[in-house]
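Each chain, written out:
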Amino acid sequence: MTNWNKLTGRFLAPALAAAMMLTLGAYELAKPASAASMTPAPAAPALDSGSVEALLSLDRAMESLAARVTPAIVNVTVTSKTNLRSNADEDGGGPPQQFGQQFGPGNPFGWQFGMPPRPQYEHGLGSGVIVSPDGYIVTNQHVVDGATDINVTLNDRRVLPGKLVGSDPLTDLAVIKVNATDLPSVPWGDSTKLRPGQTVLAFGNPFGLRFTVTRGIVSALNRPNPSATDRRKPGEFIQTDAAINPGNSGGPLVNARGEVIGINTFLVSGNGSFSGAGFAIPTQIVRPTVDALIKNGKVEHGYMGIGISDVTPENARFFDVKKAEGALVTQVETNSPGARAGLKTGDVITQLDGRPLNDSSELQVQVGQKGPGTTIQLGILRGGKSLNIPVTLEAMGSRDKEQASAAGERGKPRWGLGLGDLTPDVREQLQAPKDLEGAVVGNVQPGSPADNAGLERGDVVLEVNRKRVESAAEAVRELQNVGQGQEALVLVWSNGGQTFRVLHPSQG
């Protein structure tokens, strides 16, 4: 049996090998054509440069532009001192508004239940642009607001301490200085020459991703002031679809020539991230503000003491205006520069110093850029007749200081509240009911009892300590009658509803 197995193995192996070779040969002859060509065919050739030269040229131009501007972009990191509260306050409310809402979500320090307010330190991130080789940097005021420490990271990764030269809350602009020379910088451009559709690039540090550039167009110009709490803030914003996200604040918006034509400041979004609508402060506001901050460390804005709105096709005929241009006077504050000059509700301001005005935002911007004591010439249409009225401007905020000083001299609590009469024009502007009587809030001093109680410009005070008031004089008299150190209960109408607010007297 053993010999037979050996013999079989000796002849069987060559036979099997020969059979396999025949089988493979038969498969090669019989396999389908698709299996015969497993090597992929050459890919289609790329488009020749001549057919896409326009796109390649645009790419090269954008690359050159980004390479020119990026070295002047900085990352601004700040440490801010703030008071944090429990996330379960006794009144049932949540935590206070967080610094992170400006620079990104989250609070790195967390919340401790039941602890009283205490100073803590928070960190924020923004952007900036170097505008002079000796280290002057422009950013947003809200980026450095309350900062106790500022660090600036340059494009070459150097980290330098920054000093706040000055800031202006009204325009949301600030200037930082670093101790360095021969820094790359970007020149100023003229935002008044912008047109919708022009190419722009936004530079900054969105979400902490340093030195990012996005491309888009000028979507619109002269967008109005979005702030509902301070109508004195200028508008004229540039709207762009170049992506602007948290962290881009303070970075530049540049034109195709590599010139700064705006400072990125906010976005409109339902979720806090970019949704196609970013906004920048135009250089027609930025440049004079920055020059004043570098020179004086602060900015003093001119003030007329009037309320204004746009002339529209719907209301123009009621004021004998042929074109829907200019600024319509809706309110004149008592004893203000506008009142002393003779301005009246219903006047249409069509010119400023001989130059025509397109809308109310343009008037607001130009007046705000002029210093206190400046006399301006206003071209007015009143009842179809043209008038020329000179107005000498005051410093914005000076009336607030006077009211606070007068309240202190009377020995009464300093409520920080400016009141005016609810005129028919103001009533229409607020869309208040016809039968509503009271005193309209004209201004609220930051940090005052009125501010702490949540009163805002445009609210209407109906009662003081359960007594009805039908005018500003009555409301002021009742507030003056509140004893030293006592609280005042006010009934307020706001946005169609009424609520009671308690004014706590100032301490000290």
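Preceding this paragraph is the structure being described.
Numbering of residues begins from 1 in every chain and follows the order in which that chain's sequence is written. Under the rules for a predicted model, residues below a pLDDT of 70 receive no local features and side-chain atom pairs below 80 are neither given nor counted, while totals for whole chains, interfaces and linings still include all residues. Side-chain metrics in this entry use all non-hydrogen atoms of the structure; hydrogen atoms and water are not considered.

A. Expanded view of the pattern of salt bridges. The salt bridge definition used is simple: a Lys or Arg side-chain nitrogen within 4 Å of an Asp or Glu carboxyl oxygen. Per the stated rule, a full pass over the model turns up 9 salt bridges. One salt bridge connects Arg466 with Glu463, and the closest N-O pair in it is separated by 3.8 Å. Partly exposed residues are those whose accessible area sits between 20% and 50% of the maximum for their type, while under 20% is buried and over 50% is exposed, using a 1.4 Å probe and protein chains only. By relative accessible area, which is 61% here, Arg466 ends up exposed. Accessibility expressed as a relative area gives 11% for Glu463, which makes it buried.

B. Examining the side chain of Glu333 more closely. Counting from the N terminus, the helices are DSSP H or I runs at least four residues long and the strands are E runs at least two residues long. Structurally, Glu333 is set in the loop between strand 15 (327–332) and helix 7 (337–341). Identification of polar contacts relies on pairs of N or O atoms within 3.5 Å, with a donor-acceptor requirement for protein atoms, meaning one able to donate a hydrogen and the other able to accept it, and with residues adjacent in sequence counted only if both atoms are side-chain atoms. A polar contact is formed between the side chain of Glu333 and the side chain of Tyr303, at a distance of 2.9 Å.

C. Here's a closer look at the environment of Ala243. Among the secondary structure elements, Ala243 is positioned in the loop between strand 9 (237–240) and strand 10 (252–254). Taking the C-alpha atoms as reference points, Ala243 and Ser275, 32 residues apart in sequence, are found 8.0 Å from one another. Note on contacts: a residue pair is in contact if any heavy atoms of the two residues lie within 4.5 Å. Contact partners of Ala243, with chain neighbours within four places excluded, come to Ala202, Thr214, Asn248 and Phe274.

D. Spotlight on the environment of Ile294. Here Ile294 lies in helix 6 (residues 283–296). Relative accessible area serves as the criterion here: at 31%, Ile294 is assigned to the partly exposed category. C-alpha of Ile294 to C-alpha of Val175: the two residues are 119 residues apart in sequence and 7.2 Å apart in space. Leave out the neighbours within four places in its chain, and Ile294 touches Tyr136, Val165 and Val175.

E. Just the sheet that holds strand 11 (residues 260–267), in detail. A barrel is described by the order of its strands in space; here 6 strands give the closed sequence 7-8-9-12-11-10, paired in antiparallel fashion. Strand-to-strand twist across the sheet, computed as the mean angle between neighbouring axes with direction ignored, equals 45°. Of the strand pairs in this sheet, strand 8 (residues 212–223) and strand 9 are connected by 3 bridges, and their pairing is antiparallel. Across the sheet, the residue bridging to Val218 is Thr240, located in strand 9. The sheet strands contacting helix 3 (residues 53–69) are strand 7 (199–204), strand 8 and strand 10, and the helix crosses strand 7 at an angle near 40°. Any two strands with at least two DSSP-identified bridges between them are counted as paired. To get an axis, a line is fitted to the C-alpha atoms, and for a helix only the part in contact is used. The angle between two axes follows their N-to-C directions and goes from 0 to 180 degrees.

F. View of unusual backbone geometry. Despite not being glycine, Asn222 has its phi angle at roughly 60°, a positive value. Examined against the element boundaries, Asn222 turns out to sit in strand 8. Exposure remark for Asn222: the relative accessible area of 39% places this residue in the partly exposed category. Even without glycine at this site, Gln431 takes up a positive phi of about 55°. Along the polypeptide, Gln431 turns up in the loop between helix 10 (424–430) and strand 22 (439–444). On the basis of relative accessible area, Gln431 is assigned to the exposed category, the value being 70%.

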